[in-house]
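So you can see what is in the structure, the chains are spelled out below.
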Amino acid sequence: MPLDQTIINTYTSILREELVPAMGCTEPIAIAYAAAILRHALGDLPEKLEVSLSGNIIKNVKSVIVPATGGMHGIAAAVAAGIISGCPDKKLEVLGCLTPRDHPRIAAYIQSTPMQLTELDTPHPFEVILTGYSAKDTATVHLVRRHTNIASVTRNGEDVTSRYADECVLGSASLSSPDANGEEDCQHAAARELLTVENIVKFADEADLTELRPLLKRQMNMNMAIAEEGLQNEWGAAIGRLLYGSYVMDRECLGDAALDPISLRNKARAYAAAGSDARMSGCELPVCILSGSGNQGITASVPVVIYGRAMKLEEDTILRGLLVSSLITIHQKTGIGCLSAYCGAISAGCGCGAGICYLHGGRYYEIAHTLVNAIAILSGTICDGAKPSCAAKIAMAVEAGIMGYEMMKSGHQFYGGDGIVTKGVENTIRNVGRLARDGMSGTDREIIRIMLGE
């Protein structure tokens, strides 16, 4: 039976919400976005700042380089860059307004402006509150739950939120009642609970690509571009370039067999890791994010494109593979939450394995087994913030996704009762959400304490 129109509309809305561009790691960019709003609301450069962040935001911003700052990293750089940019209308591309002439201005602002950092005592993994003071005025910006979700903006105590919020706004009343995932439902957000692996595969088969094609092509083109940049130049720990050397050696040993599984797997890992190499080290190319993360966006898309092109498939077929990979990644992340101790790249690596299975003709049965296999391999990998080593985790996540597919293809699988694997793909996905959300909550707190040197 064809899919119900409600599911088609919901899945389309989810993709519109998720597949958006961002320049730089999304947590520092969210801080920069809030800072740009703060400057606009205040009407001037703040002379003093109070920066209050959830522990997960601190974790993800501490070590990563902020684009368009001349190589600066950390929270102060993100705040200052957003203040100097002053263009909140750009949202997660807010730092695209900056030029090299702004680098010394950012550095000077950090040196001259007191910034008090406080870790919020909050149930929300994602929360940012910035307060700025000028000679006569005060303004506050509050983001919660999502990178561009404005809970409130005030100027001298007056609520001016409506000037800035054009999507779901969660007022203070709703913030006191987090749902079972520790986060609130947004009244305008498409219902993620309608996601199932079976319906995702049907949607990929049946979807009219007319509306989705621009979103998916942007995802493909942006993320392949930053992957190419990561291979062509020395970024971060250069994990992608290291792996690409293995791919080249494979081709020399095995001939020009583009579909050789060893060679192709190494190429997919290399390209995905290279995109993260560049992104974690301040590359100013935009990325099409997924589940609020550029690394997850790269991991879920680049390997699928690599395989699709090597197989010489039509572009629309590759785009349908991206639908599978993207929606399955989102499905896994729904139970985990936006930020946690669980490395989101693992979910995206499992998603890309499902997308690659789809390109090879796999449908629900094959994709379900691929996904369970991949989940069993690396689940529990910790997230200890955004930094160059994310590229190596991405390489391993892609490896797990592809191994899950190759196990299925050869007739091998992990069974219910093997660790956290349970009979039924949806039950196993729920187990991962439980592991990440409940079981690893203490791990998350300990990671943050370690990173803060406590």
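Residues numbered from 1 in each chain as written. Predicted model: local features only at pLDDT ≥ 70, side-chain atom pairs only at ≥ 80, totals over all residues. Heavy atoms only, no water.

1. A few points about the packing of aromatic side chains
Thinking step 1. Using the criterion set out here, one finds 2 aromatic pairs in the structure.
Thinking step 2. When the centroid spacing of 5.4 Å and the interplanar angle of 75 degrees are considered together, the rings of Tyr11 and Phe203 count as edge-to-face. Here Tyr11, found in helix α1 (residues 5-18), pairs with Phe203, found in helix α6 (residues 197-206); they are 192 residues apart in sequence, far enough to count as distant. Each of the two residues, Tyr11 as well as Phe203, counts as buried.
Thinking step 3. Above the face of the Tyr358 ring, Arg363 is positioned so that its terminal group lies 3.8 Å from the ring centre. (Phe/Tyr/Trp six-rings, centres within 6.5 Å; stacked < 30°, edge-to-face > 60°. Helix = DSSP H or I, 4+ residues; strand = E, 2+ residues; numbered from the N terminus. Buried < 20%, exposed > 50% of the residue type's maximum accessible area, 1.4 Å probe, protein only. Lys NZ or Arg CZ within 6 Å of the ring centre and 35° of its normal.)

2. Regarding the pattern of salt bridges
Thinking step 1. Evaluation of the coordinates by the stated rule reveals 17 salt bridges.
Thinking step 2. With a shortest N-O distance of 3.2 Å, Glu234 and Arg241 are connected by a salt bridge.
Thinking step 3. Taking relative accessible area as the criterion, Arg241 reaches 32% and is therefore assigned partly exposed.
Thinking step 4. The partner of Arg269 in a salt bridge is Glu399, with the nearest N and O atoms 3.6 Å apart. (Salt bridge = Lys/Arg side-chain N within 4 Å of Asp/Glu carboxyl O.)

3. Thoughts on the nonpolar core
Thinking step 1. With 86 residues, the main nonpolar core has Phe203, Leu212, Leu323, Leu327 and Ile367 as its most contacted residues.
Thinking step 2. For Leu327, the residues in contact, after removing those within four places along its chain, are Tyr11, Ile14, Leu15, Leu195, Ile200 and Phe203. (Core = buried A, V, L, I, M, F, W, Y, C linked by side-chain atoms within 4.5 Å. Contact = heavy atoms within 4.5 Å.)

4. What to know about the state of the cysteines
Thinking step 1. What the rule picks out here adds up to 1 disulfide.
Thinking step 2. The disulfide bridge from Cys87 ends at Cys97, spanning 1.9 Å between sulfur atoms. One disulfide, between Cys87 and Cys97, carries an S-S torsion of 120 degrees and so falls in the right-handed class. With Cys87 in the loop between α4 (75-85) and α5 (103-112) and Cys97 in the loop between α4 and α5, the pair connects residues that are 10 residues apart, well separated along the chain.
Thinking step 3. A disulfide-free cysteine, Cys283 has its sulfur positioned 13 Å from the sulfur of Cys25, the nearest such atom.
Thinking step 4. Counting only cysteine sulfurs, Cys383 is the nearest neighbor of Cys343, a cysteine outside any disulfide, at a range of 6.2 Å.
Thinking step 5. Accessibility expressed as a relative area gives 9% for Cys343, which makes it buried. (Disulfide = S-S within 2.5 Å.)

5. Focus on the confidence of the model for the chain
Thinking step 1. Across the chain, pLDDT averages 90, with 93% of residues at or above 70.
Thinking step 2. Contacts from residues 168-188, a stretch scored under 50 in pLDDT, to residues over four places away or in other chains number 51 contacts. (pLDDT = per-residue confidence, 0-100.)

6. Some words on the sheet that holds strand β7 (residues 158-159)
Thinking step 1. The strand order across the open sheet built from 6 strands is β3-β2-β4-β5-β6-β7, with neighbouring strands paired in mixed fashion. The sheet is open, and its two edges are formed by β3 (115-119) and β7, each paired on a single side.
Thinking step 2. Here strand β2 (residues 48-53) runs beside β3; their pairing, made up of 5 bridges, is parallel. Among the inter-strand pairings, Glu50 is bridged to a residue of β3, identified as Gln116.
Thinking step 3. Lying over the sheet, helix α2 (residues 26-42) contacts β2, β4 (127-133), β5 (138-144) and β6 (150-155), oriented at roughly 150 degrees with respect to β5. (Pairing = 2+ DSSP bridges. Axes fitted to C-alpha atoms, helices over the stretch in contact; angles between N-to-C directions.)

7. Brief notes about the packing of helix α7 (residues 209-232) against helix α9 (residues 261-280)
Thinking step 1. Packing of α7 against α9 leaves a shortest axis separation of 7 Å and a crossing angle of 85 degrees. Classed by the angle they form, the pair α7 and α9 counts as roughly perpendicular. Here α7 contributes Met224, Ile226, Ala227, Glu228, Glu229, Gly230 and Leu231 to the contact with α9, which in turn contributes Ala270, Tyr271, Ala274, Gly275, Ala278 and Arg279. (Parallel < 35°, antiparallel > 145°, perpendicular 65-115°, else oblique.)

8. Some thoughts on the side chain of Asn60
Thinking step 1. Position of Asn60 among the secondary structure elements: in helix α3 (residues 55-61).
Thinking step 2. One polar contact links Asn60 to Glu27, side chain to side chain, over a distance of 2.7 Å.
Thinking step 3. Beyond its immediate stretch of four places on either side in the chain, Asn60 contacts Cys25, Glu27, Pro28, Leu339, Cys383, Gly385 and Ala386. (Polar contact = N/O pair within 3.5 Å; in protein donor to acceptor, adjacent residues only side chain to side chain.)

9. So, the side chain of Ser52
Thinking step 1. For Ser52, the location among the structural elements is in strand β2.
Thinking step 2. Among all residues touching Ser52, those that are not within four sequence positions of it are Thr118, Leu120, Glu127, Val128 and Ile129.

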